[in-house]
Every structure is written in C-alpha cells, then in structure tokens.
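Here is what each chain is made of, one letter per residue.
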Amino acid sequence: MNNSIKQRYIYAVTRELPLAQRSDIEKELHGLIEDMLEERAQKHPATDKDLEEVLYELGKPQDLADKYRDQKRYLIGPDLYPFFILILKIVFMAISISMVVLLIVRGLVEPRQIWEIFLETAGTFISAISQAFIWITLMFGLSEHFGWHKKEINLPAEKEWRLSDLPQLPDERIKISRAESIFTIIFLVIGGALVGFALDLIGIWVIKPGVNATIIHIFNNQLFATFLPAIYGSIIVEIMVEMVKLVIGKWNFKTVFAEIISKVFNLLVGLLIFSKANIWNSEFLTQFRETQLLGTSNENYTFISAIWNNVTENIVFYIILLFILSIIGTVVRLIRLNTNMNLDID
C-alpha cells in the first residue's frame, strides 16, 4: 500500500492548523485512516484502492482542517488565514519592541519631558499598528481575491479535488527556515520604525555624567528624510518577499526570483540615496573630535578620519560589491538546488 499518499494527505491537513495542534491531530488522523482501512478491507489486506477511497471519503484536506479548528475563519480565507495571523503577530510584536526602544531612548535624551514623550510615542504606536494592519490586510486580501497563493501552496481551484492535488512532503534540504523569515520581518519593522520616527536619534551617542546625552548625527538628516518614501518602499518589498517565503515554505524558482527582485530594488534605493555626496553630516569629524571620546591624541582622530573618508567616498562601490556577491550567492543556490535536488521551477 502506498503510504506516501497517506502521509501527504495528513501533511496537507495538519499544515493548515496551528503548530500546537499539529502533532496530536497527526496521530489522530493516522489512527482514523487505519481504522477506516480495516473496516473497509475486512478480511483481506488493505490496497491502494482502499486507501484512495478512504481519503476521498474524508474529503478535501482544507475542509477537514476547518473541522478541526474551533470555528471557520474567513476574514481573509481559510487557506491564507494562518499566515495572515502569523504576519500580524510578528509585525505587531516588532512595532511594540520599536516603540519601547524609542520611548527608552528618547527618555535618556530628554528625561524631563518623559510624559510628553510617552504620549507622543503612544500616538505613534497607534498610528503604526493601524497602518500595518491596513497594509497587511490589503496584501492578503489581494492574494485571496486573485488567487495568487493557490498554486504556490498546492491548492486546486474550486472544483472536485483529486489525490494528485496533495502537496509533496517537504524536503528538509530545500525548506525555508520560518524562524529566519520571522526574524527578518521583525528586524525590518524595527529598522523602519526607528528610521521613520527616530531619525534624529541615529548616530554616535555621547553620554557624560550629569549631562544630557548628545548625538553626533551620521547623516544630513534633512536630506535623508526626503528619501524615507523610497526606504519604506524597500522595506515593504522585503517584507512581502519574506511573506512569500513563509507561505511557500521552500526554495524554488519563484522564491529565489523574489529575492533577486528585492535585492535589485534595494540596490536602486541605495544608489539613489548614497550617490548624493551631501547625504553625510559634513560636520561629523569636527563634532566627533570636540567630544574628545578618544582623548586628545591626533593619531586616534587621524585613524577615524581615514575610515570616515573611505566609507563616505566609496560607499557606492561597496553597495554594488555587496549586491553582486549576494546575487551570485542566490543564483548559485538556485543552480545547486535545481541540479542536485530536481527543484521544481514551474
């Protein structure tokens, strides 16, 4: 008897469920299918045909998964709903962390205005949460409306389902780390929140006893702020790519291509910003020397000056170099997977 079909069916059901329920329901389904096979086969050994009839009797995996849930949930649609909730939790947690960090940092800079800072941060938090919910709902709603996700997670169109519609069991060698995607989304959200709401706090902090903290800005903040829409666009593209990777769950042509698209977009945004020579704080070296963080030795400041000039003058070269290296790594991954593991590139 072809047990792989049974395993694929159980996988198709359990992957629609919360992680905490999957193990128990997987065992329950194994037992249920065995009992149904025993009842159908009676005195003769169960055959592949018996197994197929049992699985068809159980019905479409997504419908069976709905029965195991406490209730049907159609805010986005039962197929995408678990991913929708997962992304909301990740983004909301990241925004919360960002706001706590922002509150603490601003409190250090302006300790006497803590209540005003608290109220301002609370307003920013509500605004950020609202915008995140709207954008995430919009992206998932569009995917549900146009059915973009159907093929990627092996869901047939609204028609009678077949065993051939069952997804293949995941290959650990091409599986995308969910933890890595979640960490990336959290990092992007926190970074976007800090750049958007606390640009004036980005720089080298100088903290001396009995004196409010001062900040030596790295960038020309007035000019840098004009590029915030492009930066937000880059972050949104990156988050969308991570969402695609979470939904598909494996490396294939589409996930690798999505990564390449995001890298190209990031390159263009980086070149747009750092091709401007005046994007940097022109007074950085003077302000840094005035802090006397490295003492009064000219040698120390000469070294810092050399590093600063090298970075600011060659940043475009470094951006392009990193882009080329990352693209090479991505393409090599695709070639290796497609050659050695018969990667599906449809």
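Within each chain, residue numbers correspond to sequence positions counted from 1 in written order. Owing to the predicted nature of the model, reporting of local features is limited to residues with pLDDT of at least 70; listing and counting of side-chain atom pairs is limited to 80 or more, with chain, interface and lining totals taken over all residues. The side-chain figures draw on all heavy atoms in the structure; neither hydrogens nor water molecules are used.

Caption draft 1: Highlighting the overall build of the protein chain. The secondary structure content of the protein chain amounts to 13 helices and 2 strands. Think of it in three bands: residues with accessible area under 20% of the maximum for their type are buried, residues over 50% are exposed, and the middle band is partly exposed, with areas taken using a 1.4 Å probe on protein chains only. Across the 346 residues in the protein chain, those meeting the buried criterion constitute 40%. Any two residues whose heavy atoms approach within 4.5 Å at even a single point are treated as in contact. Considering only residue pairs separated by 6 or more positions, the protein chain has 72% of its internal contacts joining residues 24 or more positions apart. Accessible surface is estimated by sampling points in the Shrake-Rupley manner with a 1.4 Å probe; for residues, cover comes only from the protein chains shown. Taken as a whole, the protein chain presents about 20000 Å² of accessible surface, with 61% of it coming from carbon and sulfur. Strands here mean DSSP runs of E at least two residues long; helices mean DSSP runs of H or I at least four residues long; both are numbered from the N terminus.

Caption draft 2: Representation of the packing of aromatic side chains. Classification of ring pairs uses Phe, Tyr and Trp, with its six-membered ring standing for Trp, and accepts pairs whose centres are within 6.5 Å; under 30 degrees between planes counts as stacked, over 60 as edge-to-face, and the remaining range as tilted. Throughout the structure, instances matching the rule amount to 10 aromatic pairs. On the numbers, 4.1 Å between centres and 10° between planes, the contact of Phe284 with Trp308 is stacked. One end of the pair, Phe284, is in helix H12 (residues 284-291); the other, Trp308, is in helix H13 (residues 298-340), and 24 residues separate them in sequence. Both residues of the pair, Phe284 and Trp308, count as buried. Ring pairing ties together the aromatic residues Phe219, Phe224, Phe274, Trp280, Phe284, Phe288, Tyr301 and Trp308, which thus form one cluster.

Caption draft 3: Just the packing of helix H1 (residues 3-14) against helix H3 (residues 48-58), in detail. Here the axes come from fitting lines to C-alpha atoms, over the contacting stretch only for helices, and the angles between their N-to-C directions go from 0 to 180 degrees. Where H1 contacts H3, the axes come no closer than 10 Å and their chain directions differ by 15°. Of the possible angle classes, the one that applies to H1 and H3 is roughly parallel. Judged by the twist between their axes, the crossing of H1 over H3 is left-handed. In this structure, H1 uses Ile5, Lys6 and Tyr9 to contact H3, whose residues at the interface are Leu51, Leu55 and Leu58. Roughly parallel covers angles under 35 degrees, roughly antiparallel covers those over 145, roughly perpendicular covers 65 to 115, and oblique covers all other angles. Note on convention: the crossing is left-handed when the near helix lies turned anticlockwise from the far helix by less than a right angle, right-handed when the turn is clockwise.

Caption draft 4: Broad picture of the pattern of salt bridges. Criterion for a salt bridge: a side-chain nitrogen of Lys or Arg within 4 Å of a carboxyl oxygen of Asp or Glu. According to the stated counting rule, one finds 4 salt bridges in the structure shown. Residues Glu34 and Lys6 are paired through a salt bridge, measuring 2.6 Å at the closest nitrogen-oxygen approach. Of this pair, Glu34 sits in helix H2 (residues 19-41) while Lys6 sits in helix H1, placing them 28 residues apart in sequence. Among the residues examined, Lys6 registers a relative accessible area of 7% and is labelled buried.

Caption draft 5: Spotlight on the environment of Asp50. By the secondary structure assignment, Asp50 is in helix H3. Residue Asp50 is classed as buried on the basis of its relative accessible area of 9%. Here the alpha-carbon distance between Asp50 and Arg40, two residues 10 residues apart in the chain, equals 7.0 Å. Not counting the four nearest positions on each side in its chain, Asp50 is found in contact with Leu37, Arg40, Ala41, His44 and Pro45.

Caption draft 6: A look at the confidence of the model for the protein chain. Confidence of the predictor at the level of single residues is captured by pLDDT, which takes values from 0 to 100. On average, residues of the protein chain score 80 in pLDDT, and 83% of them reach the 70 mark or higher. Averaged pLDDT values for the elements of the protein chain fall to 51 in helix H7 (residues 148-152) and rise to 92 in helix H9 (residues 221-224). With pLDDT under 50 throughout, residues 153-158 is counted as low confidence; its partners more than four residues away or in other chains account for 14 contacts. Here residues 342-346 is modelled with pLDDT under 50, and outside its nearest four sequence neighbours on either side it reaches 14 contacts, counting other chains as well.

Caption draft 7: Examining the nonpolar core more closely. Membership of the largest hydrophobic core comes to 57 residues, with the highest contact counts inside it found for Ile87, Val91, Ile95, Phe140, Phe224, Ile273 and Phe274. The set of elements that each furnish at least two residues to this core consists of helix H5 (81-109), helix H6 (114-146), helix H8 (178-197), strand E2 (211-217), helix H10 (228-248), helix H11 (253-274), H12 and H13. A total of 13 residues in this core trace back to one element, the largest contributor, which is H5. Once you skip the residues sitting within four places of it in the chain, Phe274 turns out to touch Phe219, Ile279, Trp280, Ile315, Val316 and Ile319. Residue types Ala, Val, Leu, Ile, Met, Phe, Trp, Tyr and Cys, when buried and joined through side-chain atoms within 4.5 Å, form a set referred to as a nonpolar core. With 20 residues, the next largest nonpolar core counts Ile5, Leu55, Ala65 and Leu166 among its residues.

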